[in-house]
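As a plain string of letters, each chain reads:
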Amino acid sequence: QEQLVDSGGGLVQPGDSLKLSCEASGFFLADFEIGWFRQAPGKEREAVICLSGRTGDGNSYVYADSVAGRFTISRDNLKNTAYLEMHNLQPEDTADYFCATDRGRNCPVIERHILIQGQGTRVTVST
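Residues numbered from 1 in each chain as written. Predicted model: local features only at pLDDT ≥ 70, side-chain atom pairs only at ≥ 80, totals over all residues. Heavy atoms only, no water.

J.: Quick one: what's the story with the sheet that holds strand 8 (residues 81-86), residue by residue and with numbers?
T.: One open sheet holds the four strands; their spatial order is 1-3-8-7, and the pairing between them is antiparallel. Edge positions in the sheet fall to strand 1 (3-7) and strand 7 (71-76), since each of these pairs with one other strand and no more. For this sheet, the mean angle separating the axes of adjacent strands, direction not counted, is 15 degrees. Pairing between strand 3 (residues 18-25) and strand 8: six bridges, direction antiparallel. In the sheet register, lysine 19 faces strand 8, and the bridge partner there is glutamate 85. (Pairing = 2+ DSSP bridges. Helix = DSSP H or I, 4+ residues; strand = E, 2+ residues; numbered from the N terminus. Axes fitted to C-alpha atoms, helices over the stretch in contact; angles between N-to-C directions.)

J.: Can you tell me about unusual backbone geometry, naming the residues and giving the values?
T.: Note that the residue after cysteine 107, namely proline 108, is joined by a cis bond; omega there is 5 degrees. Examined against the element boundaries, proline 108 turns out to sit in the loop between strand 9 (95-101) and strand 10 (116-117). If you check the backbone angles, asparagine 80 has positive phi at about 55 degrees while not being a glycine. Along the chain, asparagine 80 turns up in the loop between strand 7 and strand 8. Located in the positive-phi region is asparagine 88, a residue other than glycine, with phi close to 50 degrees. Along the chain, asparagine 88 turns up in the loop between strand 8 and strand 9.

Encoded structure:
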């Protein structure tokens, strides 16, 4: 069974850092692009960042302007896991975060074509 499992969310204070994980099973994560999305309370889901597959261009792309310079995406092929490192977190980063792929080689992950999606992990940034 092909599956993505998100983890690593929690309650942090403004300025803190957090690292989310997206562990794949049943398929090799690096074969496809992997993207992180988030949905804040009362808002629409938005694409945050994406990393192309190893057979694609291999580049990362930031889609949410507010996270540029603060969020990075990476992948550990041995652990079959992708990561979202978030620094200088702000209250507006509060959201449910989930990873997803449409099994393409290159970013972006087309939302309506998502085939595998994690269950999400909640990040709350508050004093």
